[in-house]
Amino acid sequence: MSTIDINKIENEDEKTLDKKQIEAEEKEVMLKTEADNEDDVELRRDGGLVKTALSGDITEQGREVKPKFIPIGAIKMPGFFTRNSDREKSKEEEAIEKDTETEKCQDQRDEDSHPKNHFKFLQSCPFTSFLQKSHNDSEGNAEKSRSFAIFNSLKYPKMFNKQTRKNAEATLASMETLEDKLDTTNDGMENIKLDVAEPEDGKVATKLPLKERIRQKKFIIDDIVVCVVVFLVILAVIIGVSIGAQAGPPSERPLRLGKFITTQTTCGLVEGLLDEGVYKFYGIPYASPPIDERRFTYAQPLNNLSLCWNDTLSALQPTPKCLQFLENGTIIGEEDCLTLDVVTPHVRYDSPLPVVVLIGANTLAGGVSPAQPSALYARTKEVVFVRPNFRLGPFGFLALDIISKSRYPETSGNYALSDLVVALQWIKYNIKHFGGDAESVTLLGHRAGATLTAALTTSKKAQKLFSRVWLSSASVIFPGEALELSEKNNEQFKQISKCDDIDCLRNMSPVQILSSTPDTWLGNGVDTLPSSEEVKRSWLVLDGDFLRTHAYESWDAQKEAKKDGKEKVFKPMVFGTTQHSGHSELLRMKHLDWTADAVEAAVNGSYIGEKNLTATVFEHFNKTYEGLVELITSIRTLCPLVSLARMRLAAPMYVVLGSGAGGGIKGSRIAGIDADVEAILGTFDSEVPEQRRYMAAMQQLFYYYVWHGRLSGPESGLIAVGQDLLPHHGLPACDMLIQEDIVPRYAHID
């Protein structure tokens, strides 16, 4: 059996009977026409089969046959026009059919391996134009008519339009349709349209726009893949944002060599030390050095890169304190001292802790305060301690006309207040890098530091830099004199220093500055009975910049604002002192044995004796050393604070009783001036259970206030702190001293 016969059998299995008959009949007509009809050749020369078919000149049995619409470019027709015929196909027709099917298979493979219209660019190339020209020339050559007819019908469409199967099928359909029109025989059969298989839903959906596919709910695999990818991307973004918002920086910074830790500030990196279970940073600069041309000027923050450091600053060792006088007249410290210490249990950014700023000084001229950071209570009470250094004595408060004239607007004094304001600004911007909460800052002022803290509450520059204050044994005598009057009172300093201009003052050595300070400017009289000859002098002045009005006027305005609901203006305050804050070793050593006569003699020699109030006073105080200390305390500290806190501000106040904190003197029941701060910071020497209970009560009072911004008990009134927290039943002695105009006239001045 020949190859043609085998292909014929295979092709016959794939085709229906009707289609075989139709194709055979159409091929026979085409071959008959090419071989026998010379006029048909002339038709091709004139315009080809297509033009002849479209001209409408060929008629069938006297009736004009109108050509069916054939799109230019051999676009695929809707289907084949078929006739029913039982005639067998010839071998030549089968060969042509085989070639056609082979071309269709090749076109299908090309379509699968190449994108659609892959060779579309060849339509405009010179070679394609040449072939097209040759094709047109062939139409006028009778000898080559048959070869070009085969080329036009088979080869040319395959070469330049085989990019899709649809184009190949359209070529064959156009040729068959044309030959069908040239067939003049009429066998009486009806033309019918072959059943065309419905295309798959996926192909139809691919041709539809996205909106139409959505409307008809016909989706393709690409739509599903895109939706899945978009969903996964959105889910990944949401998860990433959630994790990123919660993660932030590491909760705890890593250690170097197991004990060194580094954190950042606005001026550079600093390295601290892990010690006693907490992180300690010593001597971090917070302001420009107050030396040379900056002496006797207000503190300037480190807002210049030239004042910062390039490498990591080592903050492992304590730095010197500011220049100052101790109680015994000794001078310690350095002028370049504007640094601060930080003790924190955590160096992290999540769960920030309350901040306690320790502002301590025994007098405004100097004296080392017990208000120092506690590693134990930073860890156990979960707070961050900050202790700033600030200028004292003449470096911190000297007001002179020659200083005022060196700047504009003219002013001088209160440099220490500017130090504390800049330190609080540093805390606001940097304490988050040390695990602290800048929105929860408690100022703990002790003695002269409490006096400065009270002054800060009246300064508008500082009111937004802290949350609440705790004042321990503060003075209530605040400046009420204008700057000009204070400058005149300080003329003695100019006479001793022999300086008439600011350059002279800045060229003096630090020791010369301290030596020019009169002795009467030192001390505060907190441990002495009042005298009619005592000099009343305050370091603080109304400079017109940091302090503009008297403290009482400012507090009255804040109290009115609180009544109007402006809570942010009025900062919560707690006042406090100890029952024996007038005790000192110097007073104790004046007599080896303080008998009743010695106590009475001391009272008669004071301002109380001058007013003949000795007998009245001893109705409230006994004639012992403890009684004498209670009297001094009442005049200098306790009763002035009671008049301020209870009568003017309606603020809470506590009094540490000797029955709980006793131990300042061995075998006595004296609570010294430092007993409350020492208990708060854990440095109180507790030897008996009563003292340990007192420490617990004092710490409960303070740290509850630090964490919650209020006391655990009533917001006003007097609280007695012994072994427990109890309401105080009143102070009749204070009422008597206030009535006799001894209080607050002779309150101690810092």
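Everything below is about the structure shown above.
Keep in mind that this is a model prediction, so the values were computed, not measured.

Basis of the calculations
- Residues numbered from 1 in each chain as written.
- Predicted model: local features only at pLDDT ≥ 70, side-chain atom pairs only at ≥ 80, totals over all residues.
- Heavy atoms only, no water.
- Salt bridge = Lys/Arg side-chain N within 4 Å of Asp/Glu carboxyl O.
- Buried < 20%, exposed > 50% of the residue type's maximum accessible area, 1.4 Å probe, protein only.
- Helix = DSSP H or I, 4+ residues; strand = E, 2+ residues; numbered from the N terminus.
- Arc of directions from axis to C-beta.
- Contact = heavy atoms within 4.5 Å.
- Axes fitted to C-alpha atoms, helices over the stretch in contact; angles between N-to-C directions.
- Parallel < 35°, antiparallel > 145°, perpendicular 65-115°, else oblique.
- Nonpolar A, V, L, I, M, F, W, Y, C, P; charged D, E, K, R; others polar.
- Disulfide = S-S within 2.5 Å.

(A) Expanded view of the pattern of salt bridges. Per the stated rule, a full pass over the model turns up 13 salt bridges. Between Lys280 and Asp275 there is a salt bridge, with its nearest N and O atoms 3.0 Å apart. A relative accessible area of 8% means that Lys280 is categorised as buried. For Glu335, the salt bridge is made with Arg295, and the minimal N-O distance between the two is 2.8 Å. Separated by 40 residues along the polypeptide, Glu335 in the loop between β11 (331–332) and β12 (339–344) and Arg295 in the loop between β8 (278–285) and β9 (313–314) bring together distant segments of the chain. When sorted by exposure, Glu335 lands in the same class as Arg295, which is buried. Here the salt bridges do not stand alone but share partners, grouping Asp275, Glu276 and Lys280 into one network.

(B) View of helix α30 (residues 732–739). Taken together, the buried positions of α30 are occupied by Ala733, Cys734, Met736 and Leu737. Seen along its axis, α30 keeps its buried residues to an arc of 160°; they face one direction. Those residues of α30 that are exposed and angled more than 90 degrees off the buried face are Pro732 and Gln739. The inward-facing, buried residues of α30 abut α25 (614–617) and α26 (625–649). Note on α30: the residue one or two positions beyond its end, Asp741, has a positive phi of about 65°.

(C) Main features of the packing of α26 against α30. Direction vectors running N to C along α26 and α30 enclose 95°, while the axes themselves pass 10 Å from each other. In terms of orientation, α26 and α30 fall into the roughly perpendicular class. Contacts between α26 and α30 involve Ser634, Ile635, Cys639, Ser643, Arg646 and Met647 on the former and, on the latter, Cys734, Asp735, Leu737 and Ile738. The class makeup of the residues in the contact of α26 with α30 is six nonpolar, two polar and two charged.

(D) Quick peek at unusual backbone geometry. The step from Tyr408 to Pro409 runs through a cis peptide bond, and the omega angle for that step is -5°. Examined against the element boundaries, Pro409 turns out to sit in the loop between α14 (401–404) and α15 (415–430). Going from Val743 to Pro744, the amide bond is cis rather than trans, its omega being 5°. Note on placement: Pro744 falls in the segment after α30. One non-glycine residue, Ala650, lies in the positive phi region at around 55°. Tracing the backbone through its elements, the reader meets Ala650 in the loop between α26 and β18 (653–656). Classification of Ala650 by relative accessible area gives partly exposed; the value is 48%.

(E) Molecular detail of the environment of Ala474. Inspection of the secondary structure assignment puts Ala474 in the loop between β16 (468–472) and α17 (483–489). As for Ala474 and Thr453, which are separated by 21 residues in sequence, their C-alpha atoms are 8.7 Å apart. If we ignore the near neighbours within four places in the chain, the residues touching Ala474 are Arg447, Ala450, Thr451, Thr637, Leu641 and His748.

(F) Representation of the state of the cysteines within the structure. A complete count under the given rule lists four disulfides for this structure. The side chain of Cys267 participates in a disulfide bridge whose partner is Cys308; the two sulfur atoms lie 1.6 Å from each other. One disulfide, between Cys267 and Cys308, carries an S-S torsion of -100° and so falls in the left-handed class. Separated by 41 residues along the polypeptide, Cys267 in the loop between β6 (260–265) and β7 (268–275) and Cys308 in the loop between β8 and β9 bring together distant segments of the chain. What pairs with Cys499 in a disulfide is Cys504, and their sulfur atoms sit 2.0 Å apart. Here the disulfide of Cys499 and Cys504 is left-handed, its torsion about the S-S bond being about -60°. With a relative accessible area of 25%, Cys504 lands in the partly exposed category. In the protein chain, the bonded cysteines, taken in the order they occur along the sequence, pair up as 1-2, 3-4, 5-6, 7-8.

(G) Fine view of the packing of α15 against helix α16 (residues 448–456). Viewed as axis vectors pointing N to C, α15 and α16 meet at an angle of 70°, and their least axial separation amounts to 11 Å. As the angle between them shows, α15 and α16 are arranged roughly perpendicular. Seen from α15, the contacting residues are Leu417, Leu420, Val421 and Leu424; seen from α16, they are Leu452, Ala455 and Leu456. When its residues are assigned to classes, the contact of α15 with α16 shows seven nonpolar, no polar and no charged.

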